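# Structural features, examined
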Amino acid sequence: MLGFIAARLVKAVFILLAILVLNFVLIHAAPGDPAAVMAGEAGAADEKFLQDLRERFGLDQPFTVQLWNYMKGAIQLDLGYSYRQQMPVAELIWDRLPATLLLTATAFVISIVIGVAAGVLAAQTQGTWWDTLISSLALLFYATPLFWVALMASLLFSVWLGWLPGFGYQTIGANYTGIDRVLDIGKHLILPATTLGLFFTAIYMRMTRASMLEVSRLDFVKTARAKGLRNSVIQRRHVLRNALLPVITLAGLQAGQIVGGAVLTETVFAWPGIGRLMFEAISQRDYNVILGVFFISAAMVLLFNLITDILYGIVDPRIRLTK
Amino acid sequence: MSLLTIDNLSIALPKGADRALAVKDVSFTLDKGEILCIVGESGSGKSMSANALMGLLPEGVTPSAGSITFKGRDLLTLSDDEMMALRGKDISMIFQEPLSALNPLMRIGDQIAEVFEAHDLLTPPERRKRALELLHEVGLPDPDQTIRAYPFQLSGGQRQRVVIAMALALEPKILIADEPTTALDVTTQAQILDLIEDLRKRHGMAVLFITHDFGVVADIADRVIVMQHGEVVEAGEAETVLLNPTHPYTRALLDAIPALTFRDSVEQTAQPILSVRDLDMTFTTRTGGFFKKPRVVKAVQKATFDLYQGETIGIVGESGSGKSTLGRCLVRLLTPQNGVVEIGGRDISKITGDALRQHRRRIQMVFQDPYSSLNPRSRIGTILTEGLIAYGEDKAAAREKAKELLTVVGLDPSAMDRFPHEFSGGQRQRVGIARALALDPEVIIADEAVSALDVSIQAQVLDLLADLKDRLNLSMIFITHDLRVAAQVCDRIIVMQRGEMVEFGPSAQVLGNPQTAYTQSLLDAIPGKAHEAALAKQKEAQL
């Protein structure tokens, strides 16, 4: 198992390097550069000023040199300097990363827990109105655009009912400490995390339901029944555990999308995470920040995938012991 | 009084099924310590009857009349909880598929201990101790290791022993065995049958044994019930039913068992049509980790033989012996590492691209499972003409040819416009044979082509193959695990063991006078030989 993890880590490093290069090439292939945007905003778009800006940021150097410099920095975790925010990119990201991790991880847990629970319930009540209700609700959340649900949730729970804060990460100026701070952040977290999580719930619910029904038909479930086991034990120990295998695979794939979904949610709820950082950076053509955020989100996806693989190995002895 | 009495049991199928009752007015008794066999083909209702005893009928299927009396109570009137308390304790059951009968994510020991847990018996350490004893009793090697193993680490036969250990755990009065040996090799089957017999004697259980195989019946049954279309058509002492069957269906089933008689070799033409020399096929699987040694399986080693025009060579052996791999190398679904495969004087073992595509029509395959070998979304006409059209045949001419082929294999040409699901297993296998014939191949490879069929259907398909062989002078490689079938259709036989050809010669020689202990053990394991001897004696007496 350890060898397996080591091999996956080595692979992940190579994938990350490839992603770095690919991102760099792609973004430089797009027309326009930060110097042009800055000069435009400054209202002084003459050649001399542009040339100065480019020299200052190293944008006048050949492409390969720029790439080489960038890679050299990245390996030492120096992701360059944001010309717009006048701060090192790594620092910018470092400030925002915890908020995003908190949001995506909470949403991830919400989606899996609710999705699996709803899926189990739907499978047990297959064909009844419970099943129909659960399936329809899940489909509704899945079919509705994420930003719209976010806006409506904010409107209902924050503006109309006033139950929950509708934006931000904590109450500005309150300066809570200790448990109060945790509670404050938790309160702010509920709306964005639930909105983001519910969108992905549907997929886990459908998968769990289908998988449970499929496993229920397998021979070993009949064996368990022939032993005289109670149905609840059969469902939990024999059916659910086996049914979770494809759900775990799916969760690994979905992890990437949840990071993507965070961009929308963070923007609507003014959540100070890297999703919003990316949104701002793209509109300002802040190369290094964009590259940095891409890099960090790619790393997060790889990490989620690795966790999924390890989890799969723990649950399924066929994977663990044949390695 | 009997241990178990089934009286006029009827089981209703859900609306829309092909018949209203799965089982109709079935009555029988089971006594302490006896083995009662229920025999019948698929759809005869034999499994349904057994599942009804356990209260494990599939959803929508319910007993509609009759009673099942056990210990003075009618099982059909018991509540779910009462039935649950009975299952595993008084009546236990083993199933057909040992590979899927165990939870893949649970250790063997835990799965056995679960039986005690289900009935709130013993403490966890005691359960473990009993599990060890049980593993020992069913003859599993190294119980200490096995108890911690996961199912995938055991072979099919070992898993079936584990399932039997679970069934025995609480010393049930009745053991229901639903085709427990059908998915196993003959040698493993013989061992499991011995085990069941032995346990029956030691524990005095009654065994209800469900099977489609009269050979197995002859070896273990005290009494027999023959079922057809949900009804009991014949019942009685095993010997009486087997030697003097009264119902025509029983007689037909008994006649359909291929006899262990041999064919003479055909005269060999000067030039072999297919010539195989020193063929090696090795599988290397990399399983995770950069530094782990890859697993190497030598599936076929140094296979060498010639196939002549009009000849059928059988390849027999247990599962994992490499017989299917050899077949796949010949069709070039696999590329052998070493060796020569010559067809018509040309080595095709390494060709690729267009040359390989041209070669494919010369050697065609008939597969084992008629249910998965035909594309369910294609009409029979498409299935049969696809190959011809791919090789440049005109569409109308291809359809004409397909219709002819359907007639040849005994189907109506109107089948062209229908889909595979509209046909029975036997009919589908005929379509599979027609498809293989469509390209006028020089060699046909039949991989377990009749293994998934009921005996009576099997006999029909074997007759068809024999007839086609005579009429079209076909050359065939017939891969099978069933020595009776091999004896019936093959001129010469190759016996494979762990990738090697351990014996090769005319059928009469290989099966009549085997030279290796392995072939002998395969022959010894064939069920029903004692019955065959009795039958021969009976015939002699009648003359």
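Report on the accompanying structure.

About the thresholds
- Residues numbered from 1 in each chain as written.
- Chains lettered and ligands numbered in written order.
- Predicted model: local features only at pLDDT ≥ 70, side-chain atom pairs only at ≥ 80, totals over all residues.
- Heavy atoms only, no water.
- Phe/Tyr/Trp six-rings, centres within 6.5 Å; stacked < 30°, edge-to-face > 60°.
- Helix = DSSP H or I, 4+ residues; strand = E, 2+ residues; numbered from the N terminus.
- Lys NZ or Arg CZ within 6 Å of the ring centre and 35° of its normal.
- Patch = residues over 30% accessible without salt bridge, like charges linked within 9 Å, V, L, I, M, F, W, Y side chains within 5 Å.
- Areas by Shrake-Rupley, 256 points an atom, 1.4 Å probe, with all protein chains shown as cover.
- Salt bridge = Lys/Arg side-chain N within 4 Å of Asp/Glu carboxyl O.
- Buried < 20%, exposed > 50% of the residue type's maximum accessible area, 1.4 Å probe, protein only.
- Disulfide = S-S within 2.5 Å.
- Core = buried A, V, L, I, M, F, W, Y, C linked by side-chain atoms within 4.5 Å.
- Contact = heavy atoms within 4.5 Å.
- Pairing = 2+ DSSP bridges.
- Axes fitted to C-alpha atoms, helices over the stretch in contact; angles between N-to-C directions.

## Description of the packing of aromatic side chains
Per the stated rule, a full pass over the model turns up seven aromatic pairs over all chains. For the pair A:Phe108 and A:Phe304, a centre-to-centre distance of 5.4 Å together with 35° between the ring planes defines the contact as tilted. Placement of A:Phe108 in helix α5 (residues 89-124) and of A:Phe304 in helix α12 (residues 287-315) is noted, with a sequence separation of 196 residues between them. Connected via pairs of aromatic rings, a cluster forms that spans A:Phe24, A:Phe63 and A:Tyr70. Of note, B:Arg357 hangs over the ring of B:Tyr391, and the distance from its end group to the ring centre comes to 5.7 Å.

## Points about a nonpolar patch on the surface
Residues and elements named next belong to chain A. On the surface, Leu-121, Trp-129, Trp-130, Leu-133, Leu-137 and Leu-140 cluster together into a nonpolar patch covering about 630 Å² of accessible area. For the nonpolar patch, the element with the most residues is helix α6 (residues 129-143), which contributes five residues. Within the secondary structure, Leu-137 is located in helix α6. A relative accessible area of 43% places Leu-137 in the partly exposed class.

## A look at the state of the cysteines
All names here are of chain B. Taken as a whole and judged by the stated rule, the model has zero disulfides over all chains. Cys-329 carries a free sulfur, and the closest cysteine sulfur to it, the one in Cys-490, is 19 Å from it. Take Cys-329: its relative accessible area is 0%, and that puts it in the buried class. Among the residues examined, Cys-490 registers a relative accessible area of 0% and is labelled buried.

## A word on the nonpolar core
Residues and elements named next belong to chain A. Ile-93 and Leu-196 are the most contacted members of the largest nonpolar core, which has 54 residues in total. For this core, the secondary-structure elements that each account for two or more residues are α1 (2-29), α4 (63-75), α5, α8 (178-216), α10 (231-268), α11 (274-284) and α12. Looking at which element gives the most residues to this core, the answer is α12, with eleven residues. Non-local contacts of Leu-196, meaning those with residues more than four positions away in its chain, are made with Leu-103, Ala-107, Leu-146, Ile-258, Gly-261, Ala-262 and Thr-265.

## Details of the pairing of strand β10 (residues 231-237) of chain B
All names here are of chain B. Bridge count for strand β9 (residues 223-228) against β10 is six bridges, and the pairing is antiparallel. Across the sheet, Val-226 pairs through a bridge with Glu-234, a residue of β10. Counted between consecutive antiparallel strands, the loop separating β9 from β10 contains two residues, among which His-229 sits at a positive phi close to 45°.

## Quick look at unusual backbone geometry
Most peptide bonds are trans, and most residues other than glycine sit at a negative phi. Residues and elements named next belong to chain B. Look at Glu-179: it is not a glycine, yet its phi comes out positive at around 50°. The exposure class assigned to Glu-179 is buried, which follows from its relative accessible area of 7%. The phi angle at Asp-278 is positive, at roughly 50°, despite the residue not being glycine. Given a relative accessible area of 40%, Asp-278 falls into the partly exposed group.

## Focus on the sheet that holds strand β2 (residues 21-30) of chain B
Residue and element names in this part refer to chain B. The strand order across the open sheet built from four strands is β2-β1-β4-β5, with neighbouring strands paired in antiparallel fashion. Since the sheet does not close on itself, it has two edges, and those belong to β2 and β5 (73-74), each with one partner. Relative to β2, strand β1 (residues 4-12) is paired through six bridges, and the arrangement is antiparallel. Bridge pairing in β2 places Leu-9 opposite Val-26. Strands in contact with helix α1 (residues 46-54) are β1, β2 and β4 (62-70); relative to β1, the strand with the most contacts, it is inclined by about 115°.

That's the geometry; what it means functionally is another story.
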